[in-house]
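Structural characterization, general
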Amino acid sequence: HLQPISIIVVGNPGQSTSVGVADAGMVSSDIELFPNPSLGLFTISSKKYKMESITVVNMLGEMIAQFQSTNYKASIDLSKEAKGIYFVRIQTENNTIINKKLIKQ
């Protein structure tokens, strides 16, 4: 059972931001990423939570794709990207952040 944590944003004097890493009852398995591995077309799906934003970064931390969503399902096309490991950051409607790893063959 994960507890919310607070992250202090450096560089904004007098301001802090709270980020819920996982709300009570929500776990990473509540959002599926498939097929994984894949040749480049991936689907993200959740039966419980609407996704608000999805960000894909490579192993160097460079942003490859970012888009907004208001659905329970989204598609990612990495067919033009190099083979390798990518990380997907999914923010849900209740501001919970879920991180997933995907493998492009």
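Conventions we followed
- Residues numbered from 1 in each chain as written.
- Predicted model: local features only at pLDDT ≥ 70, side-chain atom pairs only at ≥ 80, totals over all residues.
- Heavy atoms only, no water.
- Helix = DSSP H or I, 4+ residues; strand = E, 2+ residues; numbered from the N terminus.
- Buried < 20%, exposed > 50% of the residue type's maximum accessible area, 1.4 Å probe, protein only.
- Polar contact = N/O pair within 3.5 Å; in protein donor to acceptor, adjacent residues only side chain to side chain.
- Pairing = 2+ DSSP bridges.
- Axes fitted to C-alpha atoms, helices over the stretch in contact; angles between N-to-C directions.
- Contact = heavy atoms within 4.5 Å.
- Patch = residues over 30% accessible without salt bridge, like charges linked within 9 Å, V, L, I, M, F, W, Y side chains within 5 Å.
- Areas by Shrake-Rupley, 256 points an atom, 1.4 Å probe, with all protein chains shown as cover.
- Salt bridge = Lys/Arg side-chain N within 4 Å of Asp/Glu carboxyl O.
- pLDDT = per-residue confidence, 0-100.

**Points about the side chain of Thr96**
Relative to the elements of secondary structure, Thr96 occurs in the loop between strand E8 (84-92) and strand E9 (97-104). With a relative accessible area of 0%, Thr96 lands in the buried category. At 3.1 Å, the side chain of Thr96 and the side chain of Asn94 are in polar contact.

**Considerations on the sheet that holds strand E6 (residues 63-68)**
The strand order E6-E5-E8-E9 describes an open sheet built from four strands, whose pairing is antiparallel. Looking at which strands have only one partner, the edges of the open sheet turn out to be E6 and E9. Adjacent strand axes in the sheet meet at a mean angle of 20° when their direction is disregarded. Here strand E5 (residues 51-57) runs beside E6; their pairing, made up of five bridges, is antiparallel. The partner of Ile54 across the bridge, within E6, is Phe67.

**Comments concerning the environment of Glu32**
Here Glu32 lies in strand E3 (residues 31-34). With 12 residues separating them along the chain, Glu32 and Ile44 place their C-alpha atoms 5.6 Å apart. Apart from the residues within four sequence positions on either side, Glu32 is in contact with Thr43, Ile44 and Ser45.

**What to know about a nonpolar patch on the surface**
Taken together, the side chains of Met59, Ile85, Phe87 and Ile103 define a hydrophobic patch exposed on the protein surface, amounting to about 330 Å² of accessible area. Here Phe87 lies in strand E8. Given the relative accessible area of 34%, Phe87 is considered partly exposed.

**Some remarks on the pairing of strand E4 (residues 41-46)**
In terms of burial, E4 is a largely internal element, five of the six residues being buried. Examined bridge by bridge, E3 and E4 share four bridges and lie antiparallel to one another. Of the residues in E4, the one forming a bridge with Ile31 is Ser46.

**A short note on the pairing of E5**
In terms of residue burial, E5 counts as a mostly covered element, since five of its seven residues are buried. Bridge analysis of E5 against E8 gives six bridges, and the strand direction is antiparallel. Each residue of the ladder has a partner; that of Thr55, found in E8, is Arg89. The antiparallel pairing of E5 with E6 creates a hairpin that spans five residues between the two strands, and Gly61 there sits at a positive phi of about 85°.

**Quick notes on the confidence of the model for the protein chain**
For the protein chain, per-residue confidence averages 81 on the pLDDT scale, and 74% of positions sit at 70 or higher. Here residues 5-12 is modelled with pLDDT under 50, and outside its nearest four sequence neighbours on either side it reaches nine contacts, counting other chains as well. This model gives residues 15-24 a pLDDT under 50, and the stretch forms 23 contacts once residues within four places in sequence are excluded.

**Some points on unusual backbone geometry**
Omega for the bond connecting Phe34 with Pro35 falls within 30 degrees of zero, at -20°, which places this linkage in the cis form. With respect to the helices and strands, the residue Pro35 is situated in the loop between E3 and E4. Cis peptide bonds are those with omega within 30 degrees of zero, and the linkage from Asn36 to Pro37 qualifies with 10°. Positionally, Pro37 belongs in the loop between E3 and E4. Of note, Asn95 is a non-glycine position whose phi angle comes to about 65°, a positive value. When you line up the elements, Asn95 lands in the loop between E8 and E9. Judged by relative accessible area, which is 44%, Asn95 ranks as partly exposed.

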